[in-house]
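Okay, here's what each chain looks like letter by letter:
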Amino acid sequence: MILAIDCGNTNTVFALYSYNKNIRQEGCWRINNNSKRTADIYYPWLLQMLNLSKFGLKDITGVCIASVVPETLLNIKTLIKKYFNVKSFVVGEDNFSIGIKVNIDNPNEAGADRLVNSFAAGKLNLSPAIIIDLGTATTFDLVGKDGSYNGGIIAPGVNLSLEALYLAAARLPRISLKPLTDINEIIGKNTINAMESGIFWGYVSMIEGLINKIKSIDQFSDYKVIATGGLSHLFKVSIKSIDLIIEDLILIGLVKLFLKNNPI
């Protein structure tokens, strides 16, 4: 089985996939990012997560990593080198080929997560596509018919906006986002409901608005819209222009990239 590791700005996700006939997730564990968490701290935690899912280190035959946080990546690479005796790849390093065209001004600026999502969409026959990744940031990425990465849009993530409201406004409480379904209740009758409505329906409107703006350009009018990321399920009902939700798109992409670079 292959261990796919996605080091995001807020959390790092470890997911174990089997790949005999189809790629299938066997276990998935999320831990918040902390630059002071060393390999020796990661190891017992990961071992416990594997054991709870009835797996062990011996079941892992390869590791593939994507990271947008250099400090976290350093600790994860130390973890793999110290405790794993398997082939490993890191997206963006010299020994690793994604094999897609990156059609932006400076290809080195493209985040590993956005490139892996583009690769995955191509391999799953979902391109051309608009990929909306709802994580720490909300990103919109354009994937061409040939699987190429053609740029996108970056907006603040939902939780960043919630935290900004709490930190910048003295009388506003810290809240968690929940999905709303009744548009008739958009007007909040108390502070918390007003905040929930503003964030949730504000993001629905932003996402739908940007999708419409992108699709108003002729060359993108027939693109599929794919949502992914940890918060994608919150908008499943309310955003009708989303064609498909694949929450673990980047993890599937990492497994496929490992197999591409290390055929088994």
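Going by the structure above, here's the rest.
In short, a report on the structure. In this text, all values refer to a predicted model and were calculated from it rather than measured experimentally. (Residues numbered from 1 in each chain as written. Predicted model: local features only at pLDDT ≥ 70, side-chain atom pairs only at ≥ 80, totals over all residues. Heavy atoms only, no water.)

## Regarding the side chain of S232
Within the secondary structure, S232 is located in the loop between β9 (224-228) and β10 (244-245). Relative accessible area serves as the criterion here: at 1%, S232 is assigned to the buried category. Within the structure, the side chain of S232 is placed 2.8 Å from the backbone oxygen of G229, a separation counted as a polar contact. Those residues in contact with S232 that sit more than four places away from it in its chain are L134, A227, I245 and E247. (Helix = DSSP H or I, 4+ residues; strand = E, 2+ residues; numbered from the N terminus. Buried < 20%, exposed > 50% of the residue type's maximum accessible area, 1.4 Å probe, protein only. Polar contact = N/O pair within 3.5 Å; in protein donor to acceptor, adjacent residues only side chain to side chain. Contact = heavy atoms within 4.5 Å.)

## Observations regarding the environment of Q25
Within the secondary structure, Q25 is located in strand β3 (residues 24-32). Note: C-alpha distance between Q25 and M1 (24 residues apart in sequence) is 9.6 Å. If near-sequence neighbours (up to four positions away) are discounted, Q25 is found in contact with A15, L16, Y17, D248 and L251. A polar atom in the side chain of Q25 sits 2.8 Å from the side chain of Y17. Among the polar contacts listed, one links the side chain of Q25 to the side chain of D248, at a separation of 3.4 Å.

## Observations regarding the nonpolar core
Core analysis: the biggest nonpolar cluster contains 35 residues, and V91, I98, L251, L254 and L257 have the highest contact counts within it. At the level of secondary structure, the elements contributing two or more residues to this core comprise β1 (2-7), β2 (11-18), β4 (62-67), α3 (112-123), β6 (129-134) and α6 (249-261). If you tally residues by element for this core, the top one is α6, at eight residues. If we skip the residues at most four places from it in the chain, I98 touches V91, L115, F119, L257 and K260. Judged by nonpolar contacts, the second largest core, of 29 residues, contains I130, I175, L180 and F220. (Core = buried A, V, L, I, M, F, W, Y, C linked by side-chain atoms within 4.5 Å.)

The values are spatial; any link to function lies outside them.
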